[in-house]
Amino acid sequence: GKFGDYGGQYVPEALMPAIEELTDAYERYVLDNEDGFMDDFRARLRDFGGRPTPLQRADRLSERYGREVYLKREDLLHGGAHKLNNALGQVLLAKYMGKERIIAETGAGQHGTATAMACAHLDMPCEIYMGERDINRQRPNVFRMKLNGSEVNPVTVGRGTLKEAISETMRDWATNVEDTHYVIGSVVGPHPFPSMVRDFQSVISEEARTQAREKLGRLPDAVVACAGGGSNTMGAFAEFVDDEETALYAVEAGGSTLEVDEEAGVAPNSASLTTGTEGILHGARTRLLQDRDGQIMESHSVSSGLDYAGVGPELAHLVDTGRVTAVNVDDDEALTAFHRLSQMEGIIPALESAHAFGYLESVVGPDAPDSEEADDLGKYVVVNVSGRGDKDLESAIEETYER
Ligand SMILES: Cc1ncc(COP(=O)(O)O)c(/C=N/[C@H](C(=O)O)[C@@H](O)C(C)C)c1O
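Quick caveat, the model's predicted, so the values are computed rather than measured.

A.B. asks: Requested: an account of the packing of helix H14 (residues 331-345) against helix H15 (residues 351-364), with residues and values cited.
C.D. replies: When two helices pack together, their arrangement is given by the angle between the helix axes and by the axis-to-axis distance. The N-to-C vectors of H14 and H15 enclose an angle of 95°; their axes lie 7 Å apart at closest approach. Regarding the angle of H14 to H15, the classification is roughly perpendicular. Contacts between H14 and H15 involve Glu333, Ala334, Leu335, Ala337, Phe338, Arg340 and Leu341 on the former and, on the latter, Leu351, Ala354, His355, Phe357, Gly358, Glu361 and Ser362.

See below:
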């Protein structure tokens, strides 16, 4: 479970039995397809999830950028985001392991919603831990979780966002390892979570690689995906990592500025790949936003889903080795991209996904100067639309009409 010097299992002793049991189950069911687990998983992704998602040419953006822009439509997956790929895989695995209870954390509420849907589909009781602050800014998703029969546990410690929600969920898991599985929402946490979540999300790039060959007659020159914890990112990249000719861009939240106020311990962004340093968070060594005393800093993003101080260890490693280029766009660029995709293509993206489009505009938009980056992007570009923007309408309205 090591990616360079990142990854590992930095967990309290009490969690090790659960971690070992999960690692064994991951190897048997996911890697070795014992009892036809992966066949069952793929069949449910198809019949319940609605896979495959389209790889669709964006005609207006292709015109605007003078290149072939294709969208991988994870916003069309059941529930409205890529999150179901991972949630369905983990809840199904918990069932195969004989677990009787599911817990999960969520920030944007997409992972919580996906877990709640998967639990209703598989008849498993479910509790979602969610920061008080996030509950208030993602109300439609809170209602959806309850409609799907899950309990939502408000987390009020600290800032009441994702970081505290993950810590509270870990605490619950440590107390109830016997009958409970913790469905982690991204490629974060102790081994085997980063590898397992990547494997469940890799269906995105498996499909996109085949669809690209069919529609483009070749591999894409670039794949662009936003990065919060990094799960839609790793899912969109996984099957392309060995294709050197396909450049991979992870777009982080530049928030309001990349300048960090060390004294206040506040980072007004979530650009852990770009400005983070090595440290341990939620059980793994990775890159994260921490002050000089090693205190995890508060992160920020206009999108809850990217508002996370850490990032997946494997993605951090791919950036360190130069296989993935880490870039970022700020809140305003993301909001502008949110409006632009809605108006030009008839697709209202999640604010998280809008960051990927903000990057494209900043490099090859009509106001962008000629650059190496524009050349490196190449002619055939695939952008991962990780989710749809229904959940963001309230905050986008505030940001737009009260700006
Ligand atoms: C539509 C959408 N797109 C991208 C993300 C970023 O998460 P990754 O794909 O794991 O980088 C998210 C993240 N959502 C999580 C959630 O819904 O709980 C997030 O808040 C945390 C798990 C990081 C998302 O909802």
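A.B. asks: Describe in detail the state of the cysteines, supporting the description with residues and values.
C.D. replies: Overall, the coordinates contain 0 disulfides when judged by the stated rule. Summary of cysteine pairing: Cys119 is not part of a disulfide, and the nearest cysteine sulfur, belonging to Cys126, is at 3.8 Å.

A.B. asks: Any details on helix H2 (residues 37-47)? Residues and values, ideally.
C.D. replies: When we look at burial in H2, the residues that qualify are Phe37, Met38, Phe41 and Leu45. All buried residues of H2 fall inside an arc of 90° around its axis, so they share one side.

A.B. asks: With reference to specific residues and values, describe the sheet that holds strand E10 (residues 247-255).
C.D. replies: The strand order across the open sheet built from 6 strands is E3-E4-E14-E9-E10-E13, with neighbouring strands paired in mixed fashion. This sheet does not close on itself; its edge strands, each paired only once, are strand E3 (55-57) and strand E13 (324-330). Averaged over all pairs of adjacent strands, the angle between strand axes in this sheet comes to 30°, irrespective of strand direction. Pairing of strand E4 (residues 68-73) with strand E14 (residues 380-385), which is carried by 6 bridges, proceeds in the parallel orientation. Within E14, the position partnered with Tyr70 by the bridge is Val382. Sitting on the sheet, helix H10 (residues 203-216) is in contact with E3, E4 and E14, with an inclination near 145° to E4.

A.B. asks: An account of the packing of aromatic side chains is requested, with residue identities and associated values reported.
C.D. replies: The full count for this structure, using the stated rule, is 9 aromatic pairs. Ring geometry for Tyr29 versus Phe37: centroids 6.0 Å apart, planes at 55°, classification tilted. Residue classification places Phe37 among the buried positions, given a relative accessible area of 0%. Aromatic pair Trp173 and Tyr182: ring centres 5.9 Å apart, planes at 80°, arrangement edge-to-face. Residue class for Trp173 comes out buried when judged on its relative accessible area of 2%. The structure contains a cluster of three or more aromatic residues connected by ring pairs, namely Tyr29, Phe37, Phe41, Tyr96 and Phe200. Above the ring of Tyr380, the side-chain terminus of Lys379 is found at 5.0 Å from the ring centroid.

A.B. asks: Outline the site of the ligand, supporting the account with residue identities and numerical values.
C.D. replies: With respect to spatial proximity, 25 residues lie near the ligand, and among them Thr106, Ser186, Gly228, Gly230 and Ser231 are the closest. The contact in question runs from an oxygen atom of the ligand to an N or O atom on the side chain of His82, over 3.0 Å. At 2.6 Å, a side-chain N or O of Ser186 approaches an oxygen atom of the ligand. The protein chains hide 99% of the 530 Å² of surface that the ligand would expose on its own.

Calculation rules
Residues numbered from 1 in each chain as written. Predicted model: local features only at pLDDT ≥ 70, side-chain atom pairs only at ≥ 80, totals over all residues. Heavy atoms only, no water. Axes fitted to C-alpha atoms, helices over the stretch in contact; angles between N-to-C directions. Helix = DSSP H or I, 4+ residues; strand = E, 2+ residues; numbered from the N terminus. Parallel < 35°, antiparallel > 145°, perpendicular 65-115°, else oblique. Contact = heavy atoms within 4.5 Å. Disulfide = S-S within 2.5 Å. Buried < 20%, exposed > 50% of the residue type's maximum accessible area, 1.4 Å probe, protein only. Arc of directions from axis to C-beta. Pairing = 2+ DSSP bridges. Phe/Tyr/Trp six-rings, centres within 6.5 Å; stacked < 30°, edge-to-face > 60°. Lys NZ or Arg CZ within 6 Å of the ring centre and 35° of its normal. Near = heavy atom within 4 Å. Polar contact = N/O pair within 3.5 Å; in protein donor to acceptor, adjacent residues only side chain to side chain. Areas by Shrake-Rupley, 256 points an atom, 1.4 Å probe, with all protein chains shown as cover.

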